[in-house]
Amino acid sequence: MPRVRFAPSPTGFLHVGGARTALFNWLYARSQGGTFVLRIEDTDQERSTEESYAAILRGMQWLGLDWDEGPQAGGEAGPYLQSERLDIYRGHLATLADGGHVYKCFCSAQDLEDREQAVRDAGGNWEGYDGHCRDLTAEQVAAYEADGKPCAWRLRTPTEGSTFWYDVIVGKREFQNEVLVDRVVFKADGFPTYQFAVVVDDHLMQISHVLRGDDHVSNTPFQILVYNALGWKPPKFGHMPMILGPDKKRLSKRHGATSVEEFRKLGILPAAMLNYLALLGWSPGGSGDEVMDAAAIIKKFSLKKVNSSPAAFDYDKLNHINSEHIKRLSADERLALARPIIAERGWRLDPEWLVAGVADTDSYLARVLGTLGNRFSSLITLPEQIGFFFTDDHFVDQAAWDEHVDTAEAAGLMMALADAIDSGLDLAQAQAAAAFEEVIRTTAEQLDVKAGQLIHPSRVALTGQSRSAGIFEVMELMGARRTVARLRKAADA
RNA sequence: GUCCCCAUCGUCUAGUGGUUAGGACACCGCCCUUUCACGGCGGCAACACGGGUUCGAUCCCCGUUGGGGAUGCCA
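Keep in mind it's a predicted model, so treat the numbers as computed, not measured.

Asker: Help me understand the overall build of chain A in this model?
Answerer: Within chain A, the secondary structure is distributed over 20 helices and 11 strands. What you see for chain A is a C-alpha radius of gyration of 32 Å, clearly larger than the 23 Å of a compact globule of 493 residues, by over 25%. If one aligns the C-alpha atoms of chain A with their principal axes, the spans along those axes are about 110 × 50 × 40 Å. Counting only residues that meet the buried cut, chain A has 50% of its 493 residues in that class. A separation threshold of at least 6 residues defines the contact pool for chain A, and within that pool the share at least 24 residues apart is 74%. Approximately 23,200 Å² of chain A is accessible, and the part contributed by carbon and sulfur atoms is 49%. Seen as two clouds, the 52 positive and the 68 negative side-chain charges of chain A have centres 5 Å apart.

Asker: I'm lost on the side chain of S378 in this one. Help?
Answerer: As for its position among the elements, S378 is in the loop between helix 13 (361-372) and helix 14 (382-390). Of the residues examined, S378 reaches a relative accessible area of 17% and is grouped as buried.

Asker: Please explain the pairing of strand 2 (residues 35-38) as it appears in this structure.
Answerer: When a strand is regular, its side chains alternate between the sheet's two faces. Side-chain alternation along strand 2 places T35 and V37 on one buried face and F36 and L38 on a second face that is also buried. With 4 bridges connecting them, strand 1 (residues 3-6) and strand 2 associate as parallel partners. Following the sheet pairing, R5 is matched in strand 2 by V37.

Asker: Even after reading the chapter, I still don't get the layout of surface pockets, so can you show me in this structure?
Answerer: Rolled over the atoms, a probe sized like a water molecule indicates the empty space that remains. In this structure, the largest pocket occupies an estimated 1,300 Å³ of space. S9, H15, G18, D215 and H216 are the residues nearest the centre of the largest pocket, which is lined by 39 residues in total. Examining the composition of the lining of the largest pocket, we find that 5 residues originate from one element, helix 1 (residues 16-32), more than from any other.

Asker: What am I meant to see in the packing of aromatic side chains here?
Answerer: Pairs of aromatic rings are described using the distance from one ring centre to the other and the angle between the two planes. A full pass over the atoms with the stated rule returns 16 aromatic pairs. Centroid distance W165 to F175: 6.0 Å. Interplanar angle 5°. Geometry classified as stacked. Of this pair, W165 sits in strand 5 (residues 162-167) while F175 sits in strand 6 (residues 171-176), placing them 10 residues apart in sequence. Through a chain of ring-to-ring contacts, three or more aromatic side chains come together here, namely W347, W353, Y364, F388, F389 and F390. Note that R154 overlies the ring of Y129, its terminal NZ or CZ placed 3.4 Å from the centroid.

Asker: Is there a simple way to explain the side chain of Q195 in this structure?
Answerer: Relative to the assigned elements, Q195 resides in helix 6 (residues 194-204). In this structure the side chain of Q195 is engaged in a polar contact, spanning 3.0 Å, whose partner is the side chain of Q223.

Asker: Looking at this model, I keep getting lost on the sheet that holds strand 3 (residues 102-105). Mind explaining?
Answerer: Pairing between the strands of a sheet comes from backbone hydrogen bonds, and it takes one of two forms, parallel or antiparallel. The 3 strands lie next to each other as 3-4-7, forming an open sheet whose pairing is antiparallel. What marks the edges here is a single partner per strand, and that holds for strand 3 and strand 7 (184-186). Going from strand to strand, the sheet's axes swing by 45° on average, the running direction of each strand aside. The pairing of strand 4 (residues 152-155) with strand 7 spans 2 bridges and is classified as antiparallel. Bridging from a neighbouring strand, W153 pairs with F186 of strand 7. Across the sheet, helix 3 (residues 86-98) touches strand 3, strand 4 and strand 7, and the angle it forms with strand 7 is around 125°.

Asker: How should the packing of helix 17 (residues 433-447) against helix 19 (residues 471-478) be read in this particular structure?
Answerer: The axes of two packed helices give the description: the angle between them and the distance between them. Interaxial distance between helix 17 and helix 19 falls to 8 Å at its minimum, and their mutual angle equals 120°. Between helix 17 and helix 19, the crossing angle belongs to the class labelled oblique. For the pair helix 17 and helix 19, the crossing hand works out as right-handed. In this structure, helix 17 uses A433, F436, E437, I440 and R441 to contact helix 19, whose residues at the interface are F472, E473, M475 and E476. Partitioning the contact of helix 17 with helix 19 into residue classes produces 5 nonpolar, no polar and 4 charged.

Asker: Explain the protein's contact with RNA strand B to me, please; I cannot follow it from the model alone.
Answerer: Close to RNA strand B lie 61 residues, the nearest being T43, D44, C107, S218 and R459. Among the atoms of RNA strand B lying within 4 Å of the protein, the sugar-phosphate backbone contributes 73%. E290 is positioned such that a nitrogen or oxygen atom in its side chain is 2.9 Å from a sugar or linking oxygen of RNA strand B. Contributing elements (two or more residues each) for the surface near RNA strand B: strand 4, strand 6, helix 6, strand 11 (311-312), helix 11 (315-327), helix 18 (451-463) and helix 19.

Asker: Whenever I open this one, the nonpolar core confuses me. Can you help?
Answerer: For soluble globular proteins, the rule of thumb is that nonpolar side chains tend to be buried together. Ranked by internal contacts, the top residues of the largest apolar core, which has 115 residues, are M60, M273, F313, Y364, I386 and F389. Of all the elements, helix 1 adds the most residues to this core, at 9 residues. W165, F186, A197 and V210 belong to the second-largest nonpolar core, a separate cluster that totals 33 residues.

Asker: I keep staring at the packing of helix 13 against helix 19 and nothing clicks. Help me out?
Answerer: Their axes nearest at 10 Å, the elements helix 13 and helix 19 cross at an angle of 170°. The angle between helix 13 and helix 19 places the two elements in the roughly antiparallel class. Across the interface between the two elements, Y364, R367, V368 and T371 from helix 13 touch E473, E476, L477 and M478 from helix 19. Tallied by class, the residues present in the contact of helix 13 with helix 19 amount to 4 nonpolar, 1 polar and 3 charged.

About the cut-offs
Residues numbered from 1 in each chain as written. Chains lettered and ligands numbered in written order. Predicted model: local features only at pLDDT ≥ 70, side-chain atom pairs only at ≥ 80, totals over all residues. Heavy atoms only, no water. Helix = DSSP H or I, 4+ residues; strand = E, 2+ residues; numbered from the N terminus. Rg over C-alpha atoms; globule rule 2.2 N^0.38 Å. Buried < 20%, exposed > 50% of the residue type's maximum accessible area, 1.4 Å probe, protein only. Contact = heavy atoms within 4.5 Å. Areas by Shrake-Rupley, 256 points an atom, 1.4 Å probe, with all protein chains shown as cover. Lys, Arg positive; Asp, Glu negative; His and termini not counted. Charge placed at Lys NZ, Arg CZ, Asp CG, Glu CD. Pairing = 2+ DSSP bridges. 1 Å grid on protein atoms, 1.4 Å probe; cavity = no way out; pocket = protein on both sides within 12 Å on 5 of 7 lines; lining within 4 Å. Points joined across faces, edges and corners; volume = space filled by probe spheres on them. Phe/Tyr/Trp six-rings, centres within 6.5 Å; stacked < 30°, edge-to-face > 60°. Lys NZ or Arg CZ within 6 Å of the ring centre and 35° of its normal. Polar contact = N/O pair within 3.5 Å; in protein donor to acceptor, adjacent residues only side chain to side chain. Axes fitted to C-alpha atoms, helices over the stretch in contact; angles between N-to-C directions. Parallel < 35°, antiparallel > 145°, perpendicular 65-115°, else oblique. Left-handed = near helix turned anticlockwise from the far one by under 90°. Nonpolar A, V, L, I, M, F, W, Y, C, P; charged D, E, K, R; others polar. Near = heavy atom within 4 Å. Core = buried A, V, L, I, M, F, W, Y, C linked by side-chain atoms within 4.5 Å.

Shown next, in the form of structure tokens:
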């Protein structure tokens, strides 16, 4: 059974790239009956924060990516925070030191910077660490240490031959060892670097497949060298294509939302986000339905179908997938989504409205949502779509108002309709949609106008918008009193 | 600069050594209709370029171009 992991560093929120990486690992584990491990790579003391750590866990949970081992879940291979595994790394560093695979480097950041600048000034190119301390004599090391100079440890990499692996997504990858530099495996602050900790942990946690972003490709040969030095067998590697912005440039804030939590605030359902992310770099194949829930995706998921080319993030398509998911929700699920939205605005049912069969706010909201049908496709526009049912201080589309309501002709028609409803229906009773329809059609005949001429201005007068649910239904749910009052008010204005 | 990777409609993608190159988003048109949405029907739109290999290349190889990544005592 495969064991995979998602290993974010807590230096920021969970962004779409990370979420997609987590998702594919999760999908692979779930589809193969494997284990999904969450590990926090907080070896950068400067940048790791508690806030980011919490945000990442929150993002994972929101998406429904549950982990079998890791923070909160525990597990045999813990601890799962690298900062709690320092002794383990130190032990393996000692092994490497004993074997002569690593050496002490006393170069300071300034030293490195100066030498790089010197190379550039001479018209050359800095190819990475120059091996300055690679062959220090015992005397030189002793001298540096006597001076109290801090040191980092670097891996002694081969200068000939090549390092390669068979990537499960793109096939064979090979790097000439001469281009690999002696990177630091242990920092002067006593913490391992990512390059070292990731190898130790993946091995100790028995990770079988390291599935990560394509930006890690160039790290892989170095890490394989670390595995070799430790005498360990490397896991299988799979590098997934990057997610780019709509303009094919690196995805960044200027493109819009980039963290999963921002999408939550934009009204994206977690199931839709997960669905869309899965479609970025993976495809169910053929011309089947792209709208799927997690279970369906797990069923179809295969690493073989993961693309090798980068994908542009398309907000339009995400929104489409989102509306499809909302459309497939049951009435109860929609109600659960809408409830907090009206609650936070303080909107509730007023018994004076006299709406038939509606006893409380919840049942009223259920009826209101029912009129929306497929028009309910976004959590963000929902308040605009239903606000007029709850308050007189609702959203108004000014352009539609000017065109349909604010004309002498419309005023006359609406006034006549208001009078007809007032005299034809009992305002002290709840009235059904059919009753309103009858009055409107009769009135239209008497005035010798088409029903539409009454309906259009009424719709805008009542809802503030030129688009809404069926107008007779709207009137039923608005109640005859409010219907008449709003029509008159609009006609007078 | 150097190293690595990628390349099918605007976007996400399916696909094959011989196909009318398929689907989805977006866009346009029509139908339905009290509006909008949904739905239905139809349309626009792609194999980056140049060489090979081959009877035949979108597909295989090389190069060019374009894009991305890496080049940290970040991860």
